[in-house]
Amino acid sequence: MIRNILLLLAIGCYSTHGFVAYLNQNGNPLKWSLANPSGFVHTNVVNRQTRAVRYWIGANAYSSENRAAELNAVRACFGQWESLPGTTLRMEEGGLLPGKVDINVSDHTNAVFWVRDNTLVNGERDDIRGLRGLTVVAFNAENTLLEADIVLNGFEFGWLTDLEDQVTYQPFVEASLLHEIGHFIGLDHSPVGGATLALGGLGLSAELSLSSDETAAARYLYPPDSNQQATLSGRVTMNGNPVFGAMIIVESEAGNVVSGTVSAPTGAYRSPAIPPGRYLVRATPFDPADVDDRFALIRGTDIAFDYENVDTRFLPSADHSVLLSANNPAQLDISVTAGEPAFRISAISMPNDLEEVVTANRWAATIRPGQSDLYVGVVSPSLPTGGATLTVTGDGLVLGDPIFKPNRLDGGRHAILVPIRVLASATPGLRSLVVHRGADVAYANGYLEVLPTIPDFNFDGLDDRFQRRFFPVFTAPDAAPDADPDGDGFDNRHEHATDSDPTDPLSVKFRIESVTLTAKGTLVRWQSGIGKRYQVERRSTVAGSAWEPVGAPVTAQASTTEFTDSGSRLEVQFYRIETIQ
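Basis of the calculations
- Residues numbered from 1 in each chain as written.
- Predicted model: local features only at pLDDT ≥ 70, side-chain atom pairs only at ≥ 80, totals over all residues.
- Heavy atoms only, no water.
- Salt bridge = Lys/Arg side-chain N within 4 Å of Asp/Glu carboxyl O.
- Helix = DSSP H or I, 4+ residues; strand = E, 2+ residues; numbered from the N terminus.
- Buried < 20%, exposed > 50% of the residue type's maximum accessible area, 1.4 Å probe, protein only.
- Pairing = 2+ DSSP bridges.
- Axes fitted to C-alpha atoms, helices over the stretch in contact; angles between N-to-C directions.
- Contact = heavy atoms within 4.5 Å.
- Patch = residues over 30% accessible without salt bridge, like charges linked within 9 Å, V, L, I, M, F, W, Y side chains within 5 Å.
- Areas by Shrake-Rupley, 256 points an atom, 1.4 Å probe, with all protein chains shown as cover.

> Tell me about the pattern of salt bridges, residues and numbers included.
Side chains that carry opposite charge are capable of pairing whenever their charged atoms lie near each other. On inspection of all chains with the given rule, the structure shows 27 salt bridges. Between Arg282 and Glu251 there is a salt bridge, with its nearest N and O atoms 2.7 Å apart. With Arg282 in strand β15 (residues 277-284) and Glu251 in strand β12 (residues 247-252), this pair connects stretches of sequence that are 31 residues apart. When its relative accessible area of 1% is taken as the criterion, Arg282 is described as buried.

Take a look at the structure:
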């Protein structure tokens, strides 16, 4: 291997566009060399001591008035990828790049920046017109990444950083950049509709949080020393011949999408880094390449240009049940039937509370546990106008009867809607929308996401809303659950439970102020967070006896809460207050 073997790959997308890895002829995936950093990669690009990929941010960001938030959004995106559990992927900021920045994958600097003057980049060799972002990577013959740059289009788009901003026609930094970082670490686009590396919408789209598809990808490319994940592989054939470009979708037994990939020209596919368990696996076709955006949900070219000529004239397979175990690769060959599907899904009608409202979008919809009185649907000129069902895979959903709306949109596009209620117990993750009519079936794989009740995009178990409220970068080390940035002896997990400010040592809101013996019993008074729930417990000795709950949990109505233990008038009694999540 020599340093002057240099190949370039430019990856852009119509929205800044699983797990589809970029493999060379030897089957090696495109990736950074982190376990044993390559001597041909500059130390300014990969830190050999920390084994982290270094990135540098254009100091001008997108705007002068929101510059700090934009720079911190970039940092949070790299932090989210680094936070994925079960991987050795590490990222670290190198610093800020002053002045005008351009793509240059020979300057020993991984740059992330916005362009504002025009859409020409890379010495005016590339035009990002119409793209939210572009990632250009350099790699050698062994598929080791040598350098990578990410440019965001600030000429045609405005950029948002505030999660409370409900603007839907501008890109959100964390959604679009999370997508580009996926390319930065070696991935193509995903066939799973709600994956971060799929085609996403503007505003707060499903791209915003890394999905199970990206988790599997990172575990495959950057596995830990002890890897207890499972691998599924096989071939897709039609009349004994290989099928190029079949979407392979892996779902849990309950129907939640775990991962997706695409078969190679040989018909072979491989889905690694899946947690052990039983899964349902199917092969479905892309839409034809020559169909325009109104009539195509996902085409081979939406994955990469290499998939322009995929086979699309076959019927979706049945779901195949397969049991996967750790470190024991499983084989599943799938045979599909030749023919043009009777109908396809070409767009998603976003959830809303009005039956008469039908929309057509090529990206995933999102819903939350507890939501009800919503309608979600699918759109296509080939959909049945009656005698069919529309279902959604996965647990925790209550669906009504399908509602057919023939010729609802231009181009003779029909819609099928279904009333949907999301139970509080619904498992967060990606679901598929499925239309059945007799033996005919069509899928929108992973195009509906059930969002978590409590957002945790950095996988640390702490509510992101709390971390975003108090920390400029919610993925930073000082925002971690066990950190104590204000040095008051209470970690962030405790400060969140007590509704305290983790950056102010004087803001502790959870402290017993007094224990007083009265005629009515023992009065316990403590500092509290409004709306928080507490359980009073007591015991008669300092140690040795068990703590026992006293009465029912108490919900605080003020910053100070009182509770009378009428069952105890002992002069010596010990109390503690426990927060209830």
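On we go.
> For the sheet that holds strand β28 (residues 512-518), give the residues involved together with the corresponding values.
Hydrogen bonds along the backbone pair up the strands of a sheet, which may run parallel or antiparallel. With respect to topology, three strands assemble into an open sheet ordered β28-β29-β33, the strand pairing being antiparallel. Each having just a single partner strand, β28 and β33 (560-565) make up the two edges of the open sheet. The sheet shows a mean angle of 15° between the axes of neighbouring strands, direction not considered. Of the pairings in the sheet, the one linking β28 to strand β29 (residues 521-527) comprises six bridges and is antiparallel in character. Directly across from Leu517, in β29, lies its bridge partner Thr522.

> Which residues make up the environment of Val257, and what values do they have?
Relative to the elements of secondary structure, Val257 occurs in strand β13 (residues 257-262). Counting along the chain gives 192 residues from Val257 to Glu449, while the straight-line C-alpha distance between them is 9.6 Å. Excluding residues that lie within four positions of it along the chain, Val257 makes contacts with Val192, Ser212, Ile249, Val250, Glu251, Leu430, Arg431, Ser432 and Gly446.

> Quick rundown of a nonpolar patch on the surface? Include the residues and the values.
On the surface, a nonpolar cluster with roughly 260 Å² of combined accessible area is contributed by Val542, Val572 and Phe574. Counting through the fold element by element, Phe574 comes out in strand β34 (residues 574-580).

That is the geometry; function is a separate question.
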